[in-house]
Amino acid sequence: MNKFQSQRLLIVLLLCVILWLVNLSLGSVQIPLKSLLGRIAGIPFPQPSWEIILMEYRLPKSLTVLLAGIGLSLSGLQMQTFFRNPLAGPYVLGISSGAGLGVALLTMAGTAFGWQILDNPGNSWSLVGAASAGAMGVLVLMGLAAWKVKDSMTLLIVGLMFGSATSSVITLLAYFSAAEELKLFTIWSMGNLGNTGWSDLGYLAGAVVLGLIPALVAIKSYNAMLLGETYAVSMGINFQKLRWTMILSTGILTGSITAFCGPIAFIGIAVPHLARLLFRTQSHSVLFPATAGVGVLILLACDTISQLPGMATSLPINAVTTAFGAPLIIWMIMKRSFSEEF
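Residues numbered from 1 in each chain as written. Predicted model: local features only at pLDDT ≥ 70, side-chain atom pairs only at ≥ 80, totals over all residues. Heavy atoms only, no water.

1. Quick word on the confidence of the model for the protein
Part 1 of the reasoning: Confidence in the prediction for the protein averages 84 pLDDT; 92% of positions are at 70 or higher.
Part 2 of the reasoning: Long-range and interchain partners of residues 338-342, a stretch whose pLDDT sits below 50, account for zero contacts in this model, where long-range means more than four residues apart. (pLDDT = per-residue confidence, 0-100. Contact = heavy atoms within 4.5 Å.)

Here it is in C-alpha cells:
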C-alpha cells in the first residue's frame with residue numbers, strides 16, 4: 001500500500017469514527033455529541049434514559065452496521081473477482097433467496113399448507129433460525145454444483161437459477177398467505193439493522209469472523225483470479241481450492257448477515273467499485289481493507305439517513321441503500337459504455 005492509498009484509508013477510517021458518533025447521537029431522541037463524548041470519557045449522562053437508549057439499542061445497532069458493512073462489501077468483492085463480473089454481488093449464489101425461502105416457510109406456510117411451525121413465527125430468533133437454515137441449504141447445493149461444474153460462468157447461472165426457483169416458491173406462498181403473514185415477511189425482506197441485541201451480536205460477530213478467515217488466508221491468490229484460471233494455475237495456485245474458499249467465505253458472510261438483518265441491497269455490488277475508484281488499484285491486499293472501510297462508511301451513512309432524526313419512525317434500510325447504490329451502478333455502466341464508444 002503506497003502513501004496515497006494509506007492516506008485515503010486513514011481518511012475513510014476517520015470518517016467512519018465521526019459518522020459512528022453521529023449515528024449514535026441521532027434518532028427519535030437526540031443525544032448531544034458533547035454528552036456522548038463525555039460518556040466515552042467516563043462522565044455519566046445528565047439524563048439516565050440516554051444510557052438505556054445508547055447501551056440497549058444504538059450501540060448494538062451501530063456494531064451490527066459495522067459487521068454488515070464489512071461482510072457484505074467483502075462478499076461482493078470476492079464474487080466480482082470470482083466471476084470477473086462487475087455486476088456480481090454477494091447474493092448471486094442464491095444465498096439470500098435461500099434465507100428468504102426459510103423465512104417464507106416459517107411465516108407464510110401456515111395459511112398455504114395448514115402448517116403451524118411455531119406459535120410466534122415473528123420471534124426474532126425463529127426468523128434467524130429459519131433464514132440460517134434456508135441459506136445453509138442453498139450453500140450446500142451450491143457446493144455440490146461447484147464440485148460438478150468447473151466453469152465459473154456456468155456456476156453463476158446455476159446460482160441465479162437457484163435464486164429464481166426459490167423466488168417462485170416464495171411468490172406462491174405469498175399468494176396463498178394471510179395479510180398478517182405477508183406483512184411479517186415483507187417487513188423482514190426490507191432489511192433491519194436494529195433487531196440485534198447483545199446476545200445476537202455475539203453470534204453475528206462470530207459468524208462474520210469465521211467467514212473472513214478463509215478469505216484472509218487466501219488473499220494473495222485473489223489477484224491471479226482476475227487474469228483467469230489458466231494464469232492462476234500457471235502461478236502454482238490450486239484453482240479449485242481457491243474457488244471453494246471464495247464460495248465458503250461468501251456463503252458464511254452473506255448467510256449470517258441476511259439471517260440477522262434481512263437482505264440488504266446494493267452494498268455488496270456498489271461498495272467494491274467505489275473502493276476501486278477511491279484507491280485506484282486492483283490489488284486485493286489494498287482492496288480488502290479499503291472495501292471494508294468504505295462498506296462501513298456507506299452503511300453507517302445509509303443507516304443514519306434512515307433514522308429520520310427527530311422522528312419516532314425510521315425508513316427501511318433497503319430503501320436508502322438502493323437509493324445510493326442504483327445511481328452509482330447506472331453511472332458506472334454509462335461511463336464504461338461512453339469510454340468504449342470513444
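2. Things to note about the packing of aromatic side chains
Part 1 of the reasoning: In total, this model carries five aromatic pairs according to the counting rule given.
Part 2 of the reasoning: Taken together, a centroid distance of 5.9 Å and an interplanar angle of 80° make the contact between Phe45 and Trp50 edge-to-face.
Part 3 of the reasoning: On the accessibility criterion, Phe45 (9% relative accessible area) is buried.
Part 4 of the reasoning: Under the relative-accessibility criterion, Trp50 is labelled buried at 9%.
Part 5 of the reasoning: Pairing Tyr222 with Phe288 gives two aromatic rings, centres 5.7 Å apart and planes at 70°, and the pair type is edge-to-face. Taken together, the residues Tyr222 in helix α9 (residues 219-225) and Phe288 in helix α13 (residues 284-306) connect sequence positions 66 residues apart.
Part 6 of the reasoning: Taking relative accessible area as the criterion, Tyr222 reaches 0% and is therefore assigned buried. (Phe/Tyr/Trp six-rings, centres within 6.5 Å; stacked < 30°, edge-to-face > 60°. Buried < 20%, exposed > 50% of the residue type's maximum accessible area, 1.4 Å probe, protein only. Helix = DSSP H or I, 4+ residues; strand = E, 2+ residues; numbered from the N terminus.)

3. Overview of helix α3 (residues 48-83)
Part 1 of the reasoning: Taking 1.5 Å per residue as the helical rise, α3 with its 36 residues ought to reach 52 Å, and the 52 Å between its terminal C-alpha atoms agrees with that figure.
Part 2 of the reasoning: Residue Arg84 follows α3 closely and has a positive phi angle near 50°. (Expected span 1.5 Å × (residues − 1).)

4. Focus on the pattern of salt bridges
In a structure, side chains of opposite charge can pair up when their charged atoms sit close to one another.
Part 1 of the reasoning: Tallied over the full model, the rule gives two salt bridges.
Part 2 of the reasoning: As a salt-bridge pair, Glu51 and Arg39 come within 2.7 Å of each other at their nearest N and O atoms. With Glu51 in helix α3 and Arg39 in helix α2 (residues 33-40), this pair connects stretches of sequence that are twelve residues apart.
Part 3 of the reasoning: With its nearest N and O atoms 3.2 Å apart, the salt bridge here joins Asp303 to Lys61. One end of the pair, Asp303, is in helix α13; the other, Lys61, is in helix α3, and 242 residues separate them in sequence. The same class applies to Asp303 as to Lys61, namely buried. (Salt bridge = Lys/Arg side-chain N within 4 Å of Asp/Glu carboxyl O.)

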